[in-house]
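Spelled out, the chains give:
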Amino acid sequence: MQETISEIDSLFEEAKESIEFEFVQTLINYRGMGTKELSTNLHEWFDAIEFYKGLFNSKSGKEKTRIGTLLYSTFFENSDFYNILGSLCKIKLGYKGSSYLFWKTRKYERLLGIGEKKDFLLELLEDAEKQNIISFFIENHFKEIRNTFFHSAYSLSDEDYILHDSEPIFINRVGQSHFNVNEFLYPKIENVIQFFDAFKQSYLNSFASYKADKEVDALFPDPCKATILGSKDGLKGFRIKNSVQFYGKWHDSGVWYDEKYDMWAGHNIRMNFENVETIEIRDSLTRYEKKEDIKRSDLEFENLVDKILERNKPDEIYRATHLLVKFGDVRLKKMVAEKNGFKQRNFPKIILPFYRKAVEIGSKIMDMKKVKENIKTLEEFMAS
């Protein structure tokens, strides 16, 4: 775990070095007026897991397993945790972070599930070259544990956790309906505790590091200078001097902590969700345009395309269509290069969704003749 802990520290540091103004906004995580402890779910998460840690270390037998599973499940549920990690990756790569990074999907019909957030995050971690953090999630996150525990769909013996009303959990590629808590569960919980401790410490240290005001370059939304506000207690927000004009007078804007009312407050700013979403979508399109391929999960890209279709903006649809064709072509080249006939036959089912979606959304604005030919060839290959 030491390599993973080092990557958590370096992710915070690299994001700060890349765009410090965005880094500070991610730490503040401002969505609207509120106290530091209540305007985010992060601080309750910190306190709750510290409480569960104490119980876990003081109990034994089934009590230890119950508390340990509660700690494990709670760790993977926190939404701001995913938003912050994902935003730090984006900032390191030169883009803006977001308090709503992993929020809704499928044309905003529902909130994202934890498994989806994890898959979205893995692709960002891949781009940010954080392989050890990726390994942590792959090796320690098992949705079957979280789901059965929160749904009370489990039973316990002195040594085993038994899953009920659940798909099997795959351990070393073998599906199982139970596992040994000492050999399997407790080591995962210890890894979660180490990751939690490192993330919490990096976040709090970053917050506390701002002891004095500091001027930085910013986009808010236009290029400007911003003053990060520091204090003996750490970060207190940011201020942009003389940025808005009312009735002939200039006023400062920004987000800073109001000591009188003990809360974060935005000053002379307007949060326009549509504009925020436009920036995020165009950042995401640019990021994928710079990628040679999708390496970990297609889900984030699929969600991006869904959002673009919902917005129905021609320039975004044009760029998304190009990307769908690009990633389909990449997979087609891999199929042609594959020498193993059995493996080659599996390629069409992962290529066709890209090409078909490109034809569906882009036929009115792009020439799809070649793509349609590729679809026909792949369908004939599958039928042969």
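Refer to the preceding data block for the structure.
The rules behind each value
Residues numbered from 1 in each chain as written. Predicted model: local features only at pLDDT ≥ 70, side-chain atom pairs only at ≥ 80, totals over all residues. Heavy atoms only, no water. Helix = DSSP H or I, 4+ residues; strand = E, 2+ residues; numbered from the N terminus. Buried < 20%, exposed > 50% of the residue type's maximum accessible area, 1.4 Å probe, protein only. Contact = heavy atoms within 4.5 Å. Areas by Shrake-Rupley, 256 points an atom, 1.4 Å probe, with all protein chains shown as cover. Lys, Arg positive; Asp, Glu negative; His and termini not counted. Charge placed at Lys NZ, Arg CZ, Asp CG, Glu CD. Salt bridge = Lys/Arg side-chain N within 4 Å of Asp/Glu carboxyl O. Phe/Tyr/Trp six-rings, centres within 6.5 Å; stacked < 30°, edge-to-face > 60°. Lys NZ or Arg CZ within 6 Å of the ring centre and 35° of its normal. Pairing = 2+ DSSP bridges. Axes fitted to C-alpha atoms, helices over the stretch in contact; angles between N-to-C directions. Parallel < 35°, antiparallel > 145°, perpendicular 65-115°, else oblique. Left-handed = near helix turned anticlockwise from the far one by under 90°.

A. View of the overall build of the protein chain. Looking only at helices and strands, one finds 15 helices and 12 strands in the protein chain. Structurally, the protein chain occupies a C-alpha span of about 75 × 65 × 35 Å along its principal axes. Per-residue burial for the protein chain yields a buried fraction of 49% across its 384 residues. Considering only contacts within the protein chain whose residues lie at least 6 apart along the sequence, 62% involve residues at least 24 apart. Carbon and sulfur atoms make up 50% of the accessible area of the protein chain, which totals about 19,700 Å². Side-chain charges in the protein chain split into 58 positive and 62 negative, and the spacing between the mean points of these groups amounts to 4 Å.

B. Inspection of the pattern of salt bridges at higher detail. Using the criterion set out here, one finds 26 salt bridges in the structure. Residues E126 and R296 are paired through a salt bridge, measuring 2.8 Å at the closest nitrogen-oxygen approach. One end of the pair, E126, is in helix α6 (residues 114-127); the other, R296, is in the loop between α10 (273-290) and α11 (299-311), with 170 residues separating them in the sequence. Given the relative accessible area of 38%, R296 is considered partly exposed. K291 serves as the salt-bridge partner of D127, at 2.5 Å between the closest nitrogen and oxygen. Highlighted residues: D127 in helix α6 and K291 in the loop between α10 and α11, separated in sequence by 164 residues.

C. A look at the packing of aromatic side chains. All told, the structure shown has 41 aromatic pairs when counted by the stated rule. When the ring of Y154 is compared with that of Y161, the centres are 5.1 Å apart and the planes differ by 5°; the resulting orientation is stacked. Given a relative accessible area of 23%, Y154 falls into the partly exposed group. Of the residues examined, Y161 reaches a relative accessible area of 0% and is grouped as buried. The lysine or arginine in question, R239, covers the ring of W256, its NZ or CZ lying 4.0 Å from the ring centre. Above the ring of Y288, the side-chain terminus of R287 is found at 4.9 Å from the ring centroid.

D. Molecular detail of the pairing of strand β9 (residues 223-229). The pairing of strand β8 (residues 214-219) with β9 spans 6 bridges and is antiparallel. Following the sheet pairing, L219 is matched in β9 by P223.

E. Representation of the packing of helix α12 (residues 314-337) against helix α14 (residues 348-362) in the model. Relative orientation of the contacting elements α12 and α14 amounts to 155°, with a least axis distance of 8 Å. Classified by the angle between their axes, α12 and α14 sit roughly antiparallel to one another. Relative to α14, α12 is oriented so that their crossing is left-handed. For the pair formed by α12 and α14, the contact residues are I317, A320, T321, L324, V325, F327, G328, D329, R331, L332 and M335 on the first element and P348, I350, I351, F354, Y355, K357, A358, I361 and G362 on the second.

F. Examining the sheet that holds strand β3 (residues 154-156) more closely. Within the open sheet, the 3 strands sit side by side as β3-β4-β7. Their pairing is antiparallel. Only two strands of the sheet have a single neighbouring strand rather than two, namely β3 and β7 (178-180). Averaged over neighbouring strand pairs, the angle between their axes works out to 20° when direction is ignored. By the bridge criterion, 3 bridges tie strand β4 (residues 160-163) to β7 in an arrangement that is antiparallel. The partner of Y161 across the bridge, within β7, is F179. Running at roughly 150° to β3, helix α4 (residues 61-75) makes contact with β3 and β4 of the sheet. Across the face of the sheet, helix α8 (residues 143-150) comes into contact with β3, β4 and β7 while running at roughly 80° to β4.

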